[in-house]
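Tertiary structure, described
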Amino acid sequence: MSAFAAKAPTRALAKTVAPRRAAKSVKATRGVVAKAGGLGTPFTTWILQQEMEENIDGELAVVLSSISLACKQIASLVQRAGIAG
């Protein structure tokens, strides 16, 4: 049996499972955002709480954390930049 033949069923399964998992994450996130009551909660803390309560999965938590970090870095760079022209 070749190495490719062993991986083929896994790839086929991933193509069918991944879209379902993504749709589930989107639905879960919409529900979580709708019932989010902690307006003073830091975003990172909120993400961790939602992950512990299993409202969002680990992959979505990583994506949200990465976006949050990128926004903070951009804001810092913009604040330090001088006015040009």
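Residues numbered from 1 in each chain as written. Predicted model: local features only at pLDDT ≥ 70, side-chain atom pairs only at ≥ 80, totals over all residues. Heavy atoms only, no water.

**With respect to the overall build of the protein chain**
- The secondary structure content of the protein chain amounts to three helices and zero strands.
- Scanning the protein chain from its N terminus toward the C terminus, one meets helices and strands in the order α-α-α.
- Only carbon and sulfur atoms are counted for the fraction: they give 65% of the accessible area of the protein chain, which is about 6900 Å². (Helix = DSSP H or I, 4+ residues; strand = E, 2+ residues; numbered from the N terminus. Areas by Shrake-Rupley, 256 points an atom, 1.4 Å probe, with all protein chains shown as cover.)

**Some details on helix 3 (residues 58-80)**
- Its 23 residues give helix 3 an end-to-end C-alpha distance of 33 Å, which sits within 8% of 33 Å, the value for a rise of 1.5 Å per residue.
- Among the residues of helix 3, Leu 60, Ala 61, Leu 64 and Ser 68 are the ones counted as buried. (Expected span 1.5 Å × (residues − 1). Buried < 20%, exposed > 50% of the residue type's maximum accessible area, 1.4 Å probe, protein only.)

**As for the environment of Asn 55**
- One can find Asn 55 in the loop between helix 2 (43-52) and helix 3.
- Of the polar contacts made by the side chain of Asn 55, one reaches the side chain of Glu 53; its length is 3.1 Å. (Polar contact = N/O pair within 3.5 Å; in protein donor to acceptor, adjacent residues only side chain to side chain.)

**Structural notes on the packing of aromatic side chains**
- For the structure shown, the criterion picks out one aromatic pair.
- Here Phe 43 and Trp 46 contribute two aromatic rings whose centre-to-centre distance is 5.9 Å and whose plane-to-plane angle is 20°, an arrangement assigned as stacked. Placement of the pair is Phe 43 and Trp 46 together in helix 2, with a separation of three residues, close to one helical turn.
- Residue class for Phe 43 comes out partly exposed when judged on its relative accessible area of 37%. (Phe/Tyr/Trp six-rings, centres within 6.5 Å; stacked < 30°, edge-to-face > 60°.)

**A closer look at unusual backbone geometry**
- The phi torsion at Glu 54 lies on the positive side, around 60°, for a residue other than glycine.
- Within the secondary structure, Glu 54 sits in the loop between helix 2 and helix 3.

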